[in-house]
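Summary of structural features
Letter by letter, the chains look like this.
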Amino acid sequence: MSGKAKDILQMDLYGLLGVESTATTKEIKKAYRQKALTCHPDKNPDNPKAVELFHQLSQALEVLTDAAARAAYDKICAAKKQAEERNRKLDDKRKKIKLDLEARERQAEAHYQEEVQNTRTLEEEIARLREEGSRQLEEEQRLIREQIQREREAQLEQTGDYLQRSSEFGRCSKSSVTPKLKLKWKCKKDDETNGGYSQDVLLRLLQKYGDVLNMIVSSKKKGSAVVEFATVRAAELAVKNETGLSGSPLKISWLEGKPVFDSPASQPGHFVSSQGPLSNERDYESVVMMRMRQAAERQKIIEQMQREDEEEAARS
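So, here is what we can say about the structure in this document.

What counts and how
- Residues numbered from 1 in each chain as written.
- Predicted model: local features only at pLDDT ≥ 70, side-chain atom pairs only at ≥ 80, totals over all residues.
- Heavy atoms only, no water.
- 1 Å grid on protein atoms, 1.4 Å probe; cavity = no way out; pocket = protein on both sides within 12 Å on 5 of 7 lines; lining within 4 Å.
- Points joined across faces, edges and corners; volume = space filled by probe spheres on them.
- Helix = DSSP H or I, 4+ residues; strand = E, 2+ residues; numbered from the N terminus.
- Nonpolar A, V, L, I, M, F, W, Y, C, P; charged D, E, K, R; others polar.
- Phe/Tyr/Trp six-rings, centres within 6.5 Å; stacked < 30°, edge-to-face > 60°.
- Buried < 20%, exposed > 50% of the residue type's maximum accessible area, 1.4 Å probe, protein only.
- Contact = heavy atoms within 4.5 Å.

**Brief notes about empty space enclosed by the protein**
The method is simple in principle: a probe with the dimensions of a water molecule rolls over the atoms, and the space it marks as empty is what remains. With the rule as written, the count across this model stands at 1 cavity of 30 Å³ or more. Considered as a void within the structure, the largest cavity measures approximately 40 Å³ in volume. Lining the largest cavity, in full, are Lys 4, Ile 8, Gln 59, Glu 62, Val 63, Ile 126, Leu 129, Arg 130 and Ser 134. Mapped by element, the contributors of at least two residues to the lining of the largest cavity are α1 (3–9), α4 (48–64) and α6 (98–131). Here the residues of the lining of the largest cavity sort into 4 nonpolar, 2 polar and 3 charged.

Written as structure tokens, this is what we have:
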């Protein structure tokens, strides 16, 4: 018996998922997603117990969503229950005549051989699942990763909405706005490498300009990402200097926090603070109008990104 089969036989797969032994495949998948989300390694990076539980849930999903493997597992569980019942009865009647005891032992041996055969069948089904790539497990884990990615994107969008509203009412100071850039590159829809740009590749290209606080690589639209820098200076350097990979250049534009210059002679990185002194009423009106235009431009960018994502989702 292989080590993996022994581990599985030590677990109550139905109890682990919190479903009945009569549960349908749909109910098993639903229970797996609910439990796996709470202990996914991405949400519990410092909890080894959560990682182990996630692994056990994955094993349960592999076996119980495959008809042949589930049948073999159910057969072994039923045989175990029968063996436990036989042993209990055997203990109660052990004082009976020797012939009766020997007959029961021969029967137990026959059942043991049956259990060995059932276990061998389960091992064969597990090996087959491994060769086929555990498609059910990979699909469920992909859905979980996409859900976590959507939650992160939603959090970043909420942060951007808050900064936009604060800027429109004049309550957002220079220190409370973090610069955000939109990255775009050419990428075919079926390109699994996303044009050569993974999150790690983008971080390696951009971190040389300064600290990167957040980065979201769009899961809906290929060739698109949003990056949030810790300082405006770092964002300015990235906009001016970063070209990306030689075979797939980057197009970088401002999404949030673009610096506002005091005058045409001002140097990059110098702001007109929303709380600083203004020389006269004309300066004040100019800054207000400029900020209103910037807020409208940001809203158009956000709406355009949403439309692009919706169109991409409709086409897929």
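**Quick word on the packing of aromatic side chains**
Taken as a whole, this structure holds 2 aromatic pairs when the rule is applied. Summarising the aromatic geometry, the rings of Tyr 14 and Tyr 73 are spaced 6.2 Å apart at their centres and angled 50° between planes, so their arrangement reads as tilted. With a gap of 59 residues between them, Tyr 14 in helix α2 (residues 13–17) and Tyr 73 in helix α5 (residues 67–92) connect regions that are remote in the sequence. With a relative accessible area of 7%, Tyr 14 lands in the buried category. Seen in terms of ring centroids, Trp 185 and Tyr 197 are 4.9 Å apart; in terms of plane orientation they differ by 45°. Their pairing is tilted. Residue Trp 185 is found in the loop between β1 (180–184) and α8 (199–206), and its partner Tyr 197 is found in the loop between β1 and α8; the two are separated by 12 residues along the sequence. Considered together, Trp 185 and Tyr 197 belong to a single accessibility category, that of buried residues.

**Re the layout of surface pockets**
The space that makes up the largest pocket amounts to roughly 890 Å³. Forming the boundary of the largest pocket are 30 residues, of which Arg 145, Gln 149, Val 217, Ser 218 and Ser 219 lie nearest the centre. Of all the elements in the fold, those that place two or more residues in the lining of the largest pocket are α7 (135–168), α8, β2 (212–217) and α10 (281–315). For the lining of the largest pocket, the element with the highest residue contribution is α7, accounting for 9 residues. Its residues assigned to classes, the lining of the largest pocket comprises 9 nonpolar, 10 polar and 11 charged.

**So, unusual backbone geometry**
Not every positive phi belongs to a glycine, and Asn 194 is a case in point at roughly 55°. Within the secondary structure, Asn 194 is located in the loop between β1 and α8. Under the relative-accessibility criterion, Asn 194 is labelled buried at 10%.

**Describing the side chain of Arg 70**
On the secondary structure map, Arg 70 appears in helix α5. In contact with Arg 70, not counting residues within four places along its chain, are Tyr 14, Ser 21, Thr 22, Ala 23, Ile 28, Val 63 and Leu 64.

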